[in-house]
Amino acid sequence: MSYGRYGRPALKNSVDVQLQTAFTDSNWNTVIRLADKRFKTLKDPYYEAIRIAAESQLDGTSERCTALIAIDELVKSKAVPDYDTLELLEWAARDYLYDTEYAETLGPLRARWVKANPKSKFAVKCLQSCLEYWDLVSAQQIATTLDKAFANSGDRQYMFWGITLTYLLSVSPQCSEASKKVYSLLVVKQLERAADITENSEKVEPKDRGLLQEEEISLYYRVMLSHGSKEDFISRIQSPKLGPLAQLKEGRKDLFYQALNAYESWGEWDRIYDLCRQALRLGLDGVTPTFSVCDYKVWKKFALAASKSKDQETALGEVQSILKEFIALKTNTAMYKKNIALALLDTAFRQPVVPGTSGSDSGLTPRVIHIGLYLDSYFDKLSAFDDVKDFVAELSFEEVKGLMEEVLPKMLEEKSDKSSQVILKSLICKLRYLLTTCTQTLSHNPSVVDGQEQDKPYQCRLCSTLTSLPCESCLRSVVTKAAQIYQQIVDDSELLAAIPRLDKDPRVDLALVMCNSILKLSGLRPRTSDVAPAPLRDVNPSLFLQAVLVLDTQLKVTPSDVALRLLLAQLYLLLGCASYAYQIWTPLEVKRTIQDSLSPLFFDRISSLSPGLFTGTRPLMEPLRSYYNNSLHSTCPLRIWDAFSSGSYSSILEMTEFDSKLRRSCTLMMSIVEERRATRAFGGKIECEIGDLALTENIDDTTILLNKTDYGSFVNLESPHGPPIQEFLRIGPELSNERAHLSFLSEQYLDLIHHKPPKDHRPYKPSEAALKERAYTFETLSQLNNSLTSFIHRPTTPAALTSPEATYYTIISFLSAAVLTALSTTRADPYPSETMSVITSSIRTAFTGLRTRFTSSSINANSSNTGVDETFYSLSDMHTLSHVRETCLAMRHSAAFVQAWNDRELARDRSGKSTLHKDGLAELKALDAMAAKTITEVKGHIQKLKEQLGGGGWLDKMLDWTFGGGGAEGGQEGKDGETEKVWKAVEDVVGGREGAEEWVGKVVESWGQGVKGWGLVRME
């Protein structure tokens, strides 16, 4: 009988064939007539329900509401409705019954029916229906009723359904704070009672109401962690039956890790030490499989806890003793051996460093020796660098020298085959680059020497060069060495033939090392402030282009390397080649489940970089839009019933948490805003206001929007002492709660000033409608102004925005205040000249700063001394141009909105008393004139870019920019012997100027496509 959420229900078998046929054929008038006739004859209310369901399918408004009226009457009657009647009415009202209304109508009706029929086979269907509409209150009542009805049957499923739903209610906004406390206490008591049954029984039978299955115990752990006190949780998991050791004996490692993580969050290191020691002893004693407990996570926490012990020496001694016992077992499993090797390495770094110990003068300390031993065994594995990276970053300078000058060279001498030598050389290059990001390789240089100020604050301890951070001399050495190894591989057919048998192509690592080093040499640095210059303004363009070219060359060789594609796509976005970046991004084929975490890597700010991408045959944001619409089309987490029916209680909690976070995702807001901005840019129609979208209906100023961007796919060669590589590559700061809210609020403001009533809209009472419109507009503007001002002035906001974004949102905030002031001041009112003057002068000041930034990178600006003309900087800074345009249009449309308001008031009141004050109109007209002038400059700028790109000579120009020569004098600046080696190394890797010609064509073509897209953008 159940039809799911949208399918048509079947009628009862007792219904005659004639009525059945008419209902199946959707012959609704016949159904109404026949059902009414059967009801009058048989007096069965079910036929009345059939008539109502049929009427609700007709086109008339009154007929379509009959199902809602019938449901409301049933709720008020307090009678127990027929199940089949409920099915019919729910289907009939499906288009008008929102989740909140369901919780007040059909949800309570289904709970009422289940209480009267608890052992019916349809009772579970009622629970499913309530869950599909996410009516947790009714669902919990139904589950409790079922539990009571089947308490003695041995079916424990209903009990845990009820407990799970009680927990969900305790953290749900569907309940008041007082109710949440009650439900929290109730769920803890229910699980404690079940735990007591398990602990006090010699053997828990399947029919007992204790904790038996892993999912049930996992629910117990999670609830106690969430709602219980620390002391209660600790005392509870000391249980010999339900404690983490007992669960580990059963092979339930997840529960064991839950306990470890809880202890770590509380800083209970002694308990972690004891728990890990006992767990490892279980493996040694044969109680559990050795491989099961010999996990690096366990060893890592064990060693860390030992290092924090009061008796550190004894604790670490026991760690080493247990390690020796595991080594003696001589298990042949590769992962087992690797875990033991990592544990030895980790333990060595937990030992206190004692000055004057043997070997410390030469740097061959036990820590260095253990790194050498580990690399000797695993240098050829994909994870080798990541395994030792953090350890190497902890070494002292003397230890660094011991590793790099003694251990690794000796290891290299011992490798006989070419492929092993090349892999190890590649690893050494990565470690050498890593050390340039470590602070222990630099010493402070006096700021004044012999009365002369020193411009270099550090001296590199590796090469003795006076330098800044990082050491440019070391970076140049890394580039030349990596290029030599790269060429060695390319020139050796034997090495090329061996690559498919390796864990990873060493050329990829070498290309990444070269790229990262050259990017650092170019001056590329993280941009984490709203005062940072344009992305490439302070970067040496020749070196930046070389870095991009090196990666692009490698991508042709290894097109399936994900890390390479991600890094290259980011670099092309920085370069202004968005269409080419999209070509590189597309083959990644980001799947639906990771759209939320990976999409910002490409789509963040994309409408400000290249709106032309939105004009393709397939909507650019379609994958994201489809993902969010499918995942969040109802308030119920996707496939939640599958988790309930399978008894996967941990999955229920995880799915609910995931759903909650997805609804508050910064990526969700980004996708909506980017698409709306692109739609406006091309004069498209925006279907509805942003606040009316189903995806944003529950977002307000108090909602914390979450950034879940995943950078794990990037190869991060940086040390923990500095920023990760992704911070160097972004156009600006990453997604944030502040930026997401500001974009949401600014879109709401634009919705307000762009709103136009339908042409056929004729209010019955124009004066009353005008008053309501006035009240709504004033209230909305006031709220938007308060919210925008609040977010802009948060201490964390400046670091969350680029300079153009900060100016744009600031001006939108001032515009909302200016429009509100102008609309609320009629001709008869005293004009608030001081207030309006402050607002408009603030707008002019902010706008002038934004315009200055734009004109400084325009083609007409004075050419820089970097060897490239301003076209390069203009093409790589379309983000500023976009926000100049957006700001201009916001100013112009605000002025037009106020003028249209004034015209309507004049049309309604010919006396002019209700029209706006002329001074307020004049102020906004002045802003309009300023914006109009700048828009003309933007049009001219785009036209000049078209002309520049349409001219000839781009091949030679780009090659000169990249490799030097011709008029690229700036590219030759500082080109000493070391720099010459770097440039020569890059030329060798990419095949010289001839090898770069195809790449130049793609870059210039992409620039042209971007400018062509901007030519289609509306400027009015």
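Within every chain, residues take consecutive numbers counted from 1 along the sequence as written. Residues qualify for local features only when their pLDDT is at least 70, as the model is predicted, and side-chain atom pairs are given and counted only at 80 or more; totals for whole chains, interfaces and linings, by contrast, use all residues. Processing note: side-chain calculations cover all non-hydrogen atoms of the structure and skip hydrogens and water entirely.

Right, let's talk about the overall build of the protein for a bit. For helices the rule is a DSSP run of H or I covering at least 4 residues; for strands it is a run of E covering at least 2, with both sets numbered from the N terminus onward. Counting secondary structure elements, the protein contains 50 helices and 5 strands. Reported as C-alpha extents along the three principal axes, the dimensions of the protein are approximately 105 × 90 × 55 Å. Note on exposure labels: buried denotes an accessible area under 20% of the residue type's maximum, exposed denotes more than 50%, and partly exposed covers the range between, all computed with a 1.4 Å probe on protein chains only. The 1020 residues of the protein split such that 53% are buried. The criterion used for residue contact is that any of the two residues' heavy atoms lie within 4.5 Å. A fraction of 73% describes how many contacts in the protein between residues 6 or more apart in sequence connect residues 24 or more apart.

For Phe, Tyr and Trp, rings pair up if their centres lie within 6.5 Å, where Trp contributes its six-membered ring, and each pair is then called stacked (planes under 30 degrees apart), edge-to-face (over 60) or tilted (otherwise). One pass over the structure, following the stated rule, counts 37 aromatic pairs. Ring centres of Tyr-572 and Tyr-580 lie 4.6 Å apart, and the angle between their planes is 50°; this geometry places the pair in the tilted category. Residue Tyr-572 shares its accessibility class with Tyr-580, and that shared class is buried. Consider the rings of Phe-897 and Trp-901, whose centres lie 6.2 Å apart with planes at 55°: the pair is tilted. One end of the pair, Phe-897, and the other, Trp-901, are both in helix α45 (residues 878-908), 4 residues apart, so they sit about a helical turn from each other.

Turning next to the packing of helix α41 (residues 766-792) against helix α42 (residues 803-823). The geometry of α41 relative to α42 is characterised by a closest axis approach of 9 Å and an angle of 150° between their N-to-C directions. In terms of orientation, α41 and α42 fall into the roughly antiparallel class. The crossing of α41 and α42 is left-handed. Here Arg-774, Thr-777, Phe-778, Leu-781, Ser-782, Asn-785, Leu-788, Thr-789 and Ile-792 of α41 come into contact with α42, specifically with Tyr-809, Thr-810, Ile-812, Ser-813, Ser-816, Ala-817, Val-819, Leu-820 and Leu-823. Polarity classes work like this: nonpolar for Ala, Val, Leu, Ile, Met, Phe, Trp, Tyr, Cys and Pro, charged for Asp, Glu, Lys and Arg, and polar for all others, with Gly in that last group. The class makeup of the residues in the contact of α41 with α42 is 10 nonpolar, 7 polar and 1 charged. Between N-to-C directions, angles span 0 to 180 degrees; the directions come from axes that are lines fitted to C-alpha atoms, helices contributing only their stretch in contact. Throughout this description, any angle smaller than 35 degrees is read as roughly parallel, any larger than 145 degrees as roughly antiparallel, any in the 65 to 115 degree range as roughly perpendicular, and the remainder as oblique. In this scheme the handedness of a crossing depends on how the near helix is turned from the far one: anticlockwise by less than a right angle means left-handed, clockwise means right-handed.

Let's shift gears to the packing of helix α40 (residues 737-754) against α42. α42 packs onto α40 with a crossing angle of 40° between their chain directions and a minimal axis gap of 10 Å. When the interaxial angle is binned, α40 and α42 end up oblique. The chirality of how α40 crosses α42 is left-handed. Residues Arg-739, Leu-742, Ser-743, Ser-746, Tyr-749 and Leu-750 of α40 touch α42, and the partners they reach there are Glu-805, Tyr-808, Tyr-809, Ile-812, Leu-815, Ser-816 and Val-819. Taken together, the residues that form the contact of α40 with α42 break down as 8 nonpolar, 3 polar and 2 charged.

For two strands to be treated as a pair, DSSP must find at least two bridges joining them. In spatial order, the strands read β1-β4-β5; together these 3 strands make up an open sheet with antiparallel pairing. Each edge of the open sheet is held by one strand with a lone partner, namely β1 (442-444) and β5 (466-467).

A word on α42. One less than the number of residues in a helix, times 1.5 Å, gives the span that helix is expected to have. The end-to-end C-alpha separation of α42 is 30 Å, in line with the 30 Å expected for 21 residues at 1.5 Å each. Of all 21 residues that make up α42, 18 are buried, and the element is covered over most of its length.

The next point concerns the pattern of salt bridges. A pair is scored as a salt bridge if a Lys or Arg side-chain nitrogen falls within 4 Å of a carboxyl oxygen belonging to Asp or Glu. For the structure on display, the rule yields 65 salt bridges. The salt bridge partner of Arg-507 is Asp-505, with a shortest N-O separation of 2.7 Å. Just as Arg-507 is buried, Asp-505 falls in that class too. A salt bridge links Glu-923 to Arg-844; the nearest nitrogen and oxygen atoms lie 3.5 Å apart. Separated by 79 residues along the polypeptide, Glu-923 in helix α46 (residues 918-950) and Arg-844 in helix α43 (residues 833-856) bring together distant segments of the chain. Classification of Glu-923 as buried rests on a relative accessible area of 19%. Judged by its relative accessible area of 29%, Arg-844 is partly exposed. One salt-bridge network, held together by shared partners, links Arg-676, Arg-677, Arg-680, Glu-747, Asp-751, Arg-885 and Glu-886.

Purely spatial values, then, with no claim about function.
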